[in-house]
Amino acid sequence: MELPTIAAPGVGERADAVADAACHLYDTAVHGGWSRGAAEDAAEAIETTAHALAHIDPGAEVVLAPVHAALADLRRRLGLAPAEPLTADGLPAAPRTVGNPRRTRWVRVPISPPSPRQPPSRTTS
């Protein structure tokens, strides 16, 4: 499949903004620490982007299935809430609304209290 050179209105600009935000997140996260909320936000951003990319081509959803499986595993490993359930069409059951997405999210209750940050262990040789 060959993609058109011009995207639908707003798609190119939003994709560019997501790419820039991901670069800034990487630069910041490499030198900082993650919180439960930040990790969940980042996972949700990847999941939502993968859902959007799944509409490029009929086979794209199959190609992106490992991304969703990997993120589900990461959520379990980090003790995060599972991703929002999908409908039969593969879309989130509760679609986001325009505006501040933080106001449209489900209320999240931590399964266990977050662990306090521990300094890296230093072993002497």
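**Describing the overall build of the protein**
Next, step 1: For the protein, the helix and strand inventory stands at three helices and zero strands.
Next, step 2: Ordered by position from N to C terminus, the α and β elements of the protein give α-α-α.
Next, step 3: Residue burial in the protein is summarised as follows: out of 125 residues, 14% are buried.
Next, step 4: The contacts in the protein between residues at least 6 apart in sequence include a share of 58% that link residues at least 24 apart.
Next, step 5: Summed over its atoms, the accessible surface of the protein is roughly 10200 Å², and 63% of this surface lies on carbon and sulfur atoms.

**A short note on helix α3 (residues 60-78)**
Next, step 1: An ideal rise of 1.5 Å per residue puts 27 Å on 19 residues; α3 measures up with 27 Å between its terminal C-alpha atoms.
Next, step 2: Taken as a whole, α3 carries its principal kink of about 25 degrees at Pro-66.
Next, step 3: Where α3 is concerned, the buried positions are Ala-60, Leu-64, Leu-71 and Arg-75.
Next, step 4: Where α3 is buried, its residues touch α2 (36-53).
Next, step 5: Of the residues trailing α3, Gly-79 is marked for its positive phi of about 70 degrees.

**Thoughts on the side chain of Glu-47**
Next, step 1: With respect to the secondary-structure elements, Glu-47 resides in helix α2.
Next, step 2: Dropping the residues within four chain positions of it, Glu-47 is found in contact with His-68, Leu-71, Arg-75 and Ala-83.

Procedures and definitions
- Residues numbered from 1 in each chain as written.
- Predicted model: local features only at pLDDT ≥ 70, side-chain atom pairs only at ≥ 80, totals over all residues.
- Heavy atoms only, no water.
- Helix = DSSP H or I, 4+ residues; strand = E, 2+ residues; numbered from the N terminus.
- Buried < 20%, exposed > 50% of the residue type's maximum accessible area, 1.4 Å probe, protein only.
- Contact = heavy atoms within 4.5 Å.
- Areas by Shrake-Rupley, 256 points an atom, 1.4 Å probe, with all protein chains shown as cover.
- Expected span 1.5 Å × (residues − 1).
- Bend = angle between axes of the 7 residues up to and from the residue.

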